[in-house]
Amino acid sequence: MGRRFIDRNESFQCGHCGRRVPPSKRSCRNHCPHCLYSVHLDVFPGDRSANCGELMEPVRVEYHSKKGYQIVHRCLRCGHESRNVAALDDELQPDNLEMLLQLMRNG
Ligand SMILES: [Zn+2]
Ligand SMILES: [Zn+2]
């Protein structure tokens, strides 16, 4: 039988800094709160259908009037870019504000 739906909101180990990342209560966490790196797994957010699997580097932060701050990730292998909403209000493990501010200065 097996499970029809994949649980997308599970803990994972960051491929960049190696720290364990617990699942977020609010949304599907797809990046590390410590170093903000992500992994190229999704074609559309949460679908896990990209066949790449390489690390995605946080390159800049953009502000969206409805969604708030978004981290732009770029895949180190294929150059694919995707936007992820920053999880600053996560109760368990909010994104590293220092890292976010640094990215904002860079962009
Ligand atoms: Zn990390
Ligand atoms: Zn990729």
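Attention in this report is confined to the structure presented alongside it. Fair warning: this is a prediction, and the values are worked out from it, not measured in the lab.

The rules we used
- Residues numbered from 1 in each chain as written.
- Chains lettered and ligands numbered in written order.
- Predicted model: local features only at pLDDT ≥ 70, side-chain atom pairs only at ≥ 80, totals over all residues.
- Heavy atoms only, no water.
- 1 Å grid on protein atoms, 1.4 Å probe; cavity = no way out; pocket = protein on both sides within 12 Å on 5 of 7 lines; lining within 4 Å.
- Points joined across faces, edges and corners; volume = space filled by probe spheres on them.
- Helix = DSSP H or I, 4+ residues; strand = E, 2+ residues; numbered from the N terminus.
- Pairing = 2+ DSSP bridges.
- Donors = N, O, S within 2.8 Å, 3.2 Å for Na, K, Ca; no water.
- Tetrahedral: all angles 85-135°; square planar, octahedral: opposite > 155°, others 65-115°.
- Buried < 20%, exposed > 50% of the residue type's maximum accessible area, 1.4 Å probe, protein only.

### Observations concerning empty space enclosed by the protein
Okay, so step 1: In total, this model carries 1 cavity of 30 Å³ or more according to the counting rule given.
Okay, so step 2: By volume, the largest cavity amounts to about 30 Å³.
Okay, so step 3: Lining the largest cavity, in full, are Phe12, Gln13, Cys14, Gly15, Cys32, Tyr37, Ser38, Val39 and Leu55.
Okay, so step 4: Mapped onto the lining of the largest cavity, the elements with two or more residues apiece are β1 (12-13) and β3 (38-39).

### Comments concerning the pairing of strand β4 (residues 55-64)
Okay, so step 1: Here β3 pairs with β4 via 2 bridges, running antiparallel. Along β4, the bridge assignment pairs Ser38 with Met56.
Okay, so step 2: Relative to strand β5 (residues 68-75), β4 runs antiparallel, the two sharing 8 bridges. Along β5, the bridge assignment pairs Val61 with Ile71.
Okay, so step 3: Between β4 and β5, which follow one another and run antiparallel, lie 3 residues.

### Regarding the coordination of the zinc ion (ligand 2)
Okay, so step 1: Those donors, His40 (ND1), Cys52 (SG), Cys75 (SG) and Cys78 (SG), are the protein atoms that reach the zinc ion (ligand 2), and they lie 1.9 to 2.3 Å from it.
Okay, so step 2: Around the zinc ion (ligand 2) sit 4 donor atoms, and with donor-metal-donor angles ranging over 101 to 129° the site reads as tetrahedral.
Okay, so step 3: One chain supplies every donor to the zinc ion (ligand 2), and in sequence these donors are spaced H-x11-C-x22-C-x2-C. Separated by 35 residues along the polypeptide, His40 in the loop between β3 and β4 and Cys75 in strand β5 bring together distant segments of the chain.
Okay, so step 4: The exposure class assigned to His40 is buried, which follows from its relative accessible area of 7%.

Without other data, these values stay purely geometric and don't point to any function.
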